[in-house]
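Chains, contacts and geometry: an overview
Each chain, written out:
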Amino acid sequence: MHPSFSLKPLLLVWGLGLSAFAVSPAYSQPLPRQEVIEKIQSLEQQLLMLKQELKLNSSIAVEPLNPEESLAINFETLFFNVSIPGTDVYAFNGTDNANNNAGESQSGSLGDWKSNPFNTLNFGYRVSLDYDFVNSPWSIDASYMDLDTSTSSTTSIERGREGGRLVTIEQSDFDDTCDVNSTRDCSVKSTREIDISHIRLGSNYDLQLNESVAINFGAGLQYADVQSSFKAEEDEGSTDGTEISTLKSSFTGVGPYVSSGVAVDIGSNILLSARANGGVLLGDGSTYLTDYSSDDGDCTSGGAAECRIEKKASMTTVPNYGFSVGIEWEKEIAKNTSLLLNGGYEYTQYFGAVDNSFYQARNETSGDFDDSTDLILHGFTVGIKLKYVF
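Residues numbered from 1 in each chain as written. Predicted model: local features only at pLDDT ≥ 70, side-chain atom pairs only at ≥ 80, totals over all residues. Heavy atoms only, no water.

Further remarks concern the overall build of the chain. When its secondary structure is counted, the chain shows two helices and 15 strands. Counting every position in the chain, which comprises 390 residues, the buried fraction comes to 38%. Considering only intrachain contacts with a sequence separation of at least 6, the fraction spanning at least 24 residues in the chain is 74%. (Helix = DSSP H or I, 4+ residues; strand = E, 2+ residues; numbered from the N terminus. Buried < 20%, exposed > 50% of the residue type's maximum accessible area, 1.4 Å probe, protein only. Contact = heavy atoms within 4.5 Å.)

On to the nonpolar core, then. Ranked by size, the top nonpolar core spans 22 residues in total, and within it V82, I84, I196, Y350, L375 and L377 carry the most contacts. Among the elements of the structure, β1 (70-83), β5 (138-157), β7 (186-208), β8 (213-235), β9 (242-267), β10 (270-293), β12 (337-355) and β15 (372-389) are those that each provide at least two residues to this core. Filtering out sequence-adjacent residues up to four positions away, V82 remains in contact with F118, N122, L147, T149, I194, L375, I376 and L377. Counting seven residues, the second largest nonpolar core, distinct from the first, contains A91, I157, C178 and C186. (Core = buried A, V, L, I, M, F, W, Y, C linked by side-chain atoms within 4.5 Å.)

Okay, the packing of aromatic side chains next. Within the structure shown, the criterion is met by ten aromatic pairs. Taking the centre distance of 5.9 Å and the plane angle of 45 degrees together, the rings of Y321 and Y347 count as tilted. Residue Y321 is located in strand β11 (residues 305-334), and its partner Y347 is located in strand β12; the two are separated by 26 residues in the primary sequence. For Y321, a relative accessible area of 32% gives the class partly exposed. With relative accessibility at 16%, the residue Y347 sits in the buried group. Consider the rings of Y345 and F380, whose centres lie 5.8 Å apart with planes at 70 degrees: the pair is edge-to-face. You can see Y345 sitting in strand β12 and its partner F380 sitting in strand β15, a full 35 residues away along the chain. Look at Y345 and you get partly exposed, because its relative accessible area is 26%. (Phe/Tyr/Trp six-rings, centres within 6.5 Å; stacked < 30°, edge-to-face > 60°.)

Right, let's talk about the pairing of β8 for a bit. One ladder, built from 22 bridges, connects β7 with β8; its direction is antiparallel. If you follow D195 over to β8, its bridge partner there is Q227. Counting the residues that bridge the hairpin from β7 to β8 gives four residues. Relative to β9, β8 runs antiparallel, the two being bridged by 23 bridges. Of the residues in β9, the one forming a bridge with A219 is V258. (Pairing = 2+ DSSP bridges.)

Take a look at the structure:
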């Protein structure tokens, strides 16, 4: 903020000079005693006004934007919904046409596509550090976020009905039919896992618009690691044993990001804020499609039968963006130390971060690696922050 300039001090000084000139015996006739007293009182009032004006201008001139050097650490609990479009469905459970034998076509007797979405709320955490430079609008920050969750679901397929696992078969097809001669019903169990970690390191510039509103601009580097696994395990009754399909996807990347935000002080130590960010991640992506019978291992395991595996590895670009709104309350708990409680809503999307590949047909002879899907995280955050002023 630039110091304001006022002509009032100069006018006051000019007035003092004129007044002194008026009462000088060398240049004027002697004044009555009462008039002299009134002149002196007037001069004293003008001198007091001059001192106040000079003091005000001085305080404005030296006031920094961020006068305090401080360090803050924030611990947040994340209550996020995880969505990976196109990966929820894991099995088909059809209905039986009357008197059909196993293996015969039952097209037109559609049952249910079985899905296994992630839970509504999945728990994660984030740790953030913020350092404000003294007498400067600049600050630096760093954060680490981690969320690891899984879900499972099982569906039964009655003997003689169409149905089977889907996790590595494209959604217009399914694996096979539960044999009508089986001694028990078939079943398919789905297990889905996702592990996300995200690191950011950047700098911010604060601009105070008025006493209540400030805006913020930031930029820096980010690193993300996304690991996913979708598995379907099919028990084929008493005839063919167990078959297991797995789709594993991995992405690790680094890249730049930019951000901006606004904060509004509404009084009573309460701050409302909104923020948006966007960036891009460049890194390695890999996919593994496996399909085998009777063994939940890899294709080199001794118990594996009819084992097929497809792999893909490539450089991958993953754009990402997000936004958040929040509220924060601050309370000084000791000298130079404050406690802050915060919470809000947050949305983050990684475009094409998870591979959604599949085998091209029921015979699973070759993989189709052209598909990828987004990873979406959204939900609520609750945090506690400690701030120390040096």
